[in-house]
Amino acid sequence: MSEVKLYSYFRSSCSWRVRIALNLKGVEYELVPVHLLNNGGEQLGDAYKEHNPNAEVPALLIDGHTLVQSVAILEYLEETRGAQGQPLLPADALGRAHVRELVNTVVCGAQPLQNLRVLKYVGAEKKMEWAKHWVSLAFDGLERLLAKCATGKFAYGDAVSMADLCIVPQIYNALRFGIDMSAYPNIMRVHEECSKLDAFQKAHPRAQADCPPDTPHPI
């Protein structure tokens, strides 16, 4: 079996999604920390750009290939290891479409607008206000979508899916930006259920080898 390496930052929500997926699929991997702040950002170095030309995390070395972009990685894991561990997508086409709606609400509507390099560009004075505005706007829509498909314990039905993998890390970020999550009971319901699962617990920032012991965690 070829080696599996995940280039990750403990608090990166994109890396976090992939950690959960690897855990759910039962894929053993070596964690290679990439610190996004030290020395101006290790992801910006030429050595790391050989793995991810976008200078972002994660990058996943698997099956002899290096993959970047977290959702592409999730899709690859599902397509190559669909029968292994927990499926990340429902069996039916409509269910898969609904899960992808939820995924894209987070990965297109929230996370990119509060990404580290965006916040650096916005500036220290306005970054919290900026992030809170855009994540709240995305969560308003996500809450309504979850209410429409609230047919089980998780984001879509009674089984974990890609949607849950994307929602949980974004809640962590939302709390860091001071968002009042009491306005989003369906989103928090998803978090409560997912937090009971070992795959999610092992993927949490506090459980990562590169997480400083004095790091405050909002949830």
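Read on for an overview of the structure. (Residues numbered from 1 in each chain as written. Predicted model: local features only at pLDDT ≥ 70, side-chain atom pairs only at ≥ 80, totals over all residues. Heavy atoms only, no water.)

## Examining the overall build of the protein chain
Cut-off, in case you're wondering: In this text, helices come from DSSP runs of H or I with a minimum length of four residues, and strands from runs of E with a minimum of two, each type numbered from the N-terminal end. A radius of gyration in this sense is built from C-alpha atoms; the matching globule rule multiplies 2.2 Å by the number of residues raised to 0.38. Exposed residues in this analysis have more than 50% of their type's maximum accessible area, buried residues have under 20%, and partly exposed residues fall in between, with area computed by a 1.4 Å probe over protein chains only. Only heavy atoms enter the contact rule, under which two residues are in contact if any of them lie within 4.5 Å. Only the protein chains shown count as cover for residues, with accessible areas throughout obtained via the Shrake-Rupley method and a probe of 1.4 Å. None of His or the chain ends enter the tally, which takes Lys and Arg as positive and Asp and Glu as negative. Positions of charges follow a simple convention, taking NZ of Lys, CZ of Arg, CG of Asp or CD of Glu.
Scanning the protein chain from N- to C-terminus turns up 9 helices and 4 strands. Ordered by position in the sequence, the α and β elements of the protein chain form the string β-α-β-α-β-β-α-α-α-α-α-α-α. Against the globule reference of 17 Å for 219 residues, the protein chain gives a C-alpha radius of gyration of 17 Å, in line with a compact fold. Referenced to the eigenvectors of the C-alpha coordinate spread, the extents of the protein chain come out at roughly 50 × 45 × 30 Å. Within the protein chain, the proportion of its 219 residues that are buried is 48%. Counting only contacts in the protein chain whose residues sit at least 6 apart along the sequence, the fraction spanning at least 24 positions is 66%. Carbon and sulfur atoms form 54% of the exposed surface of the protein chain, whose accessible area is close to 10,500 Å². Of note, the protein chain has its 22 positive side-chain charges centred 3 Å away from the centre of its 25 negative side-chain charges.

## Points about the side chain of Arg189
The cut-off we apply is this: One speaks of a salt bridge when a side-chain nitrogen belonging to Lys or Arg is within 4 Å of a carboxyl oxygen belonging to Asp or Glu. N or O atoms closer than or at 3.5 Å make up a polar contact, with two conditions inside protein: a donor-capable atom paired with an acceptor-capable one, and, for residues adjacent in sequence, both atoms drawn from side chains.
Of note, Arg189 is situated in helix α8 (residues 185–194). No salt bridge forms around the buried Arg189; measuring N to O, its nearest opposite-charge neighbour Asp164 is 7.0 Å away. Separated by 3.1 Å, the side chain of Arg189 and the backbone oxygen of Gly152 make a polar contact. Of note is the side chain of Arg189, whose polar atom sits 3.0 Å from the backbone oxygen of Lys153.

## With respect to the sheet that holds strand β3 (residues 59–62)
Formally: Whether two strands pair depends on DSSP finding at least two bridges between them. What counts as an axis is a line fitted to C-alpha atoms, over the stretch in contact for a helix, and the angles between N-to-C directions run from 0 to 180 degrees.
Reading across the sheet, the 4 strands line up as β2-β1-β3-β4 and stay open at both edges, with mixed pairing between neighbours. Unpaired on one side and paired on the other, β2 (30–33) and β4 (65–68) mark the two borders of the sheet. The average angle at which neighbouring strand axes cross in this sheet is 20°, direction not considered. Of the pairings in the sheet, the one linking β3 to β4 comprises 4 bridges and is antiparallel in character. The residue bridging Leu60 from the neighbouring strand is Leu67, located in β4. Along the sheet, helix α1 (residues 13–25) makes contact with β1 (5–8) and β3, crossing β1 at roughly 155°. Those strands touched by helix α3 (residues 70–80) are β3 and β4, and its axis lies near 130° from that of β4.

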